[in-house]
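Breakdown of the fold
Here's the letter readout for the chains.
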Amino acid sequence: MTDGLRRTGPAPAPGIVHFGLGAFWRAFGALYIAEAVERSGGAWGIVGVSLRSPDTRDALAPQAWAYTAVEIGPEGDLPTQVEVLTDVIVAPEDPEALWAALDRANLVTLTVTEKGYCHVPSTGRLDRARAEIAQDLRTPAHPASALGYIAHALDARRRAGRMPFTVMSCDNIPSNGALLRGVVLELAAEIDPALSEWIAAEVAFPSTMVDRIVPATTAADIDRIETLIGTRDAAPVTHEPFRQWVIEDRFCAPRPDFGAVGVQVVKDVAPFEHMKLRCLNGTHSALAYLGYLAGAETVAEAAARPALAAYLHFLWDREITPVLTAPPGVVLADYTRSLFDRFANPAMHHRTWQIAMDGSLKLPQRILDTIRETLDAGRVPRGLFLAVAAWMQFTSGRGLDGSEIEVKDPMAERLRACWDGDPGTEEVVRRYLALAGVFAPDLASRPELQQGLVVALDDLRRHGPEAAAAAIAG
Ligand code: CS2
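Remember, predicted model here, so these are calculated numbers, not experimental data.

Reading the values: rules and limits
The residue numbers shown here count from 1 along each chain, following its written sequence. Local features in this predicted model are restricted to residues of pLDDT 70 or higher, and side-chain atom pairs are both shown and tallied only at a pLDDT of 80 or more, whereas totals for entire chains, interfaces and linings draw on every residue. For helices the rule is a DSSP run of H or I covering at least 4 residues; for strands it is a run of E covering at least 2, with both sets numbered from the N terminus onward. The size measure is the radius of gyration over C-alpha atoms, and the globule rule it meets is 2.2 Å times the number of residues to the 0.38 power. With C-beta atoms placed from the backbone, a residue counts as buried when 20 or more other C-beta atoms lie within 10 Å of its own, as exposed when 12 or fewer do, and as partly exposed for counts between those limits. Here the contact rule is simple: place C-beta atoms from the backbone, and any two residues whose C-beta atoms are within 7 Å are in contact. Domain start and stop positions are those given by an automatic or database domain assignment. The nonpolar class holds Ala, Val, Leu, Ile, Met, Phe, Trp, Tyr, Cys and Pro. Asp, Glu, Lys and Arg form the charged class, and all remaining residues, Gly among them, are polar. Two strands form a pair only when DSSP identifies at least two bridges running between them. Geometry is summarised by axes, namely lines fitted to C-alpha atoms with helices restricted to the contacting stretch, and by angles between N-to-C directions that run from 0 to 180 degrees. UniProt positions are given in the numbering used here, feature names are shortened, and annotations may be inferred rather than shown by experiment. Any residue qualifies as near a molecule or strand once its backbone-derived C-beta atom lies within 6 Å of it. Here, expected helix span is obtained from the residue count minus one, scaled by 1.5 Å. In these notes the angle categories are as follows: under 35 degrees is roughly parallel, over 145 is roughly antiparallel, 65 to 115 is roughly perpendicular, and the rest is oblique.

What to know about the overall build of the chain
Across its full length, the chain holds 21 helices and 12 strands. Over its C-alpha atoms the chain spans a radius of gyration of 22 Å, differing by no more than 12% from the 23 Å that the globule rule assigns to 474 residues. Based on the C-alpha atoms only, the size of the chain along its principal axes is roughly 60 × 55 × 45 Å. Here the chain holds 474 residues, and the buried ones make up 49% of them. Partitioning the contacts of the chain with sequence separation of at least 6, the portion at a separation of at least 24 is 77%.

Now the structure itself:
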């Protein structure tokens, strides 16, 4: 180990169960919580849960759950050894261990990505067609989804006459607490109406805004970090210096000392969520689709293309911030300028393909809400239309040069089928807009949207992403 390696820890006794122990949580929430425990103590060790893959557990077990988080900053790489995980459970392999952890938890957190909420994105309601939900309903004591585990664990606490844990979503979804509460209540109501009533009355589901750019760890990162710290970590994470966590002040059980480490605990998260989802994630997705189609492997590479850089600023200044209310104390123009610097950080290898994933679940809150509000204000958001057109092209499974694209999306088959028979731009757009899970009918039926998407898709296919973006951003 080098002298420069900071260590948190030692790991405290467990008090948190976290669903979805991916790189993001380990570089973000887990690190914040480790620091909060360093400052203020408390039994806030984290039991990580994977609903399927054993990979993270298998990598971390020989390291006693410790791992390295490396900040990729202007002064080089800054490694921290994080010791806050107390166990990692692969739910189907060891459900008893998970029930025991949930039984003693004060806080349950989730980063399960959009898919994990098993909701219909355009309505926010539980998607009963999902196989996991069918299993949760058929055998509530042997669930498949995070929602199913949470509902059954809460039921055990209710039956034992004990207080519940707080359930906190940390995914990039607007009103993520309210959404999670809604789908858990829908599921619980089917299992036992009394459970649903108890959850509605007793359990807190705070909404949160989370922000830190965390690219997937690569084999090259693992080798580089071995050289940096002098020992091999099988599952390190890398992240940018920036981080922001805003949490709604709504808890039904004790919590870590978030305030001690700069987490903002506020009455209303909505303005922060909207700003982040639309300014950061909205343009991240736009840049991912256009950048990928333009042959840019990473976000930084895409942001370095002058036409795409100008397009980003156009989106922020002309289309996104005009329909946004700034959170208290924030100047939107400063916020978006700093976003550009974060995207342009050449030391971060954040693949456009990674961000392009699961677009059918991301587009509504990242881009379509802004489109709706802009149309309502009587303006036409041509820049965002181009982003949606680029998503359509990407999800056709073919680049503009005919090269094959691996599309990862729960709706991948249906998206690709919109192109079946090569029906021409108008028909392609009509088929996409008929996907009610993505485009709410009130939006899909707007003629300005239909026509605008046809023009944008034609321009994209005829002139390519950079020329189409330049024609809009001037
Ligand atoms: C990205 C986010 O992969 C994606 O869709 O837009 O993961 C983004 O990096 C984070 O939300 C930044 O906070």
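Describing unusual backbone geometry
In this structure, Ala 64 takes a positive phi of about 55 degrees despite not being glycine. In this fold, Ala 64 is placed in the loop between helix H3 (55-60) and strand E4 (67-73). Take Ala 64: there are 10 C-beta atoms within 10 Å of it, and that puts it in the exposed class. For Trp 65, which is not a glycine, the phi torsion comes out positive at approximately 75 degrees. With respect to the helices and strands, Trp 65 occurs in the loop between H3 and E4. Under the C-beta neighbour-count criterion, Trp 65 is labelled buried, with 23 such atoms within 10 Å.

Regarding the domain arrangement of the chain
For the chain, the assigned domains read domain 1 (14-266) and domain 2 (270-473). Using C-alpha coordinates to define each centre, domain 1 is positioned 28 Å away from domain 2. The partner domain 2 presents 27 residues to the 20 residues of domain 1 that form the contact. Partitioned by chemical class, the residues of the side of domain 1 that touches domain 2 number 11 nonpolar, 5 polar and 4 charged.

Section: the sheet that holds strand E10 (residues 237-239)
The strand order across the open sheet formed by 4 strands is E1-E5-E4-E10, and the pairing between neighbours is mixed. Each having just a single partner strand, strand E1 (6-7) and E10 make up the two edges of the open sheet. Of the pairings in the sheet, the one linking E4 to strand E5 (residues 76-82) comprises 7 bridges and is antiparallel in character. From the neighbouring strand, Gly 73 faces E5, where its bridge partner is Gly 76. Docked against the sheet, helix H9 (residues 219-229) engages E4, E5 and E10, running at close to 85 degrees with respect to E5.

Describing the UniProt feature "domain: Mannitol dehydrogenase N-terminal" (unreviewed entry) in the chain
Following the UniProt record, one finds the feature "domain: Mannitol dehydrogenase N-terminal" (unreviewed entry) at residues 15-257. Along residues 15-257 the backbone is 38% helical and 21% strand, and the end-to-end C-alpha distance reaches 13 Å.

Observations regarding the site of the ligand
In the region of the ligand, the neighbouring residues are Asn 172, Asp 211, Arg 212, Ile 213, Leu 280, Asn 281, His 284, Gln 354, Ile 355 and Lys 362. Top element by residues in the shell around the ligand is helix H10 (residues 270-293). It accounts for 3 residues. Taken together, the residues that form the shell around the ligand break down as 3 nonpolar, 4 polar and 3 charged. Split by domain, the shell around the ligand shows at least three residues from each of two domains, domain 1 (14-266) and domain 2 (270-473).

Let's talk about the environment of Pro 95
Here Pro 95 shows up in helix H4 (residues 95-104). The exposure class assigned to Pro 95 is partly exposed, which follows from the 16 C-beta atoms found within 10 Å. Residues Pro 95 and Tyr 149, spaced 54 residues apart in sequence, show a C-alpha to C-alpha distance of 9.4 Å.

Some thoughts on the sheet that holds strand E8 (residues 166-169)
Strand order in the open sheet formed by 5 strands is E6-E3-E2-E7-E8, and the pairing between neighbours is parallel. Of all strands in the sheet, those bounded by a partner on one side alone are strand E6 (85-90) and E8. Sheet twist, expressed as the average angle between the axes of neighbouring strands with direction ignored, equals 20 degrees. Relative to strand E3 (residues 45-50), strand E2 (residues 14-19) is paired through 5 bridges, and the arrangement is parallel. Bridged to Pro 14 within E3 is Gly 45.

Thoughts on the UniProt feature "domain: Mannitol dehydrogenase C-terminal" (unreviewed entry) in the chain
Here, UniProt's "domain: Mannitol dehydrogenase C-terminal" (unreviewed entry) annotation points to residues 268-459. Across residues 268-459, the secondary structure splits into 66% helix and 0% strand, with the terminal C-alpha atoms separated by 41 Å.

Here we look at helix H7 (residues 176-191)
Taking 1.5 Å per residue, 16 residues should reach 22 Å; H7 reaches 23 Å between its end C-alpha atoms and fits that length. Of the residues making up H7, those classed as buried are Asn 176, Gly 177, Leu 179, Leu 180, Arg 181, Val 183, Val 184, Leu 185, Leu 187 and Ala 188.

Observations regarding the environment of Ala 356
Its place among the elements puts Ala 356 in helix H14 (residues 352-356). Expressed as a C-alpha distance, the spacing of Ala 356 and Ser 285, which sit 71 residues apart in the sequence, is 6.2 Å.

What to know about the packing of helix H6 (residues 146-159) against helix H8 (residues 193-202)
Contact pair H6 / H8: the axes reach a minimum separation of 10 Å and the direction vectors enclose 85 degrees. Viewed along their axes, H6 and H8 adopt a mutual orientation that is roughly perpendicular. When H6 is examined against H8, the residues Ala 151, Leu 154, Asp 155 and Arg 158 are found in contact with a partner set consisting of Leu 195, Trp 198 and Ile 199. In terms of residue class, the contact of H6 with H8 is built from 5 nonpolar, no polar and 2 charged.

A word on the pairing of strand E11 (residues 244-248)
E11 sits mainly inside the fold: 4 of its 5 residues count as buried. Bridge count for strand E9 (residues 208-211) against E11 is 4 bridges, and the pairing is antiparallel. Bridging across to E11, Met 209 finds its partner in Val 246. Pairing geometry for E11 and strand E12 (residues 264-266), over 3 bridges, is parallel. Residue pairing across strands places Ile 247 opposite Val 265, the latter belonging to E12.

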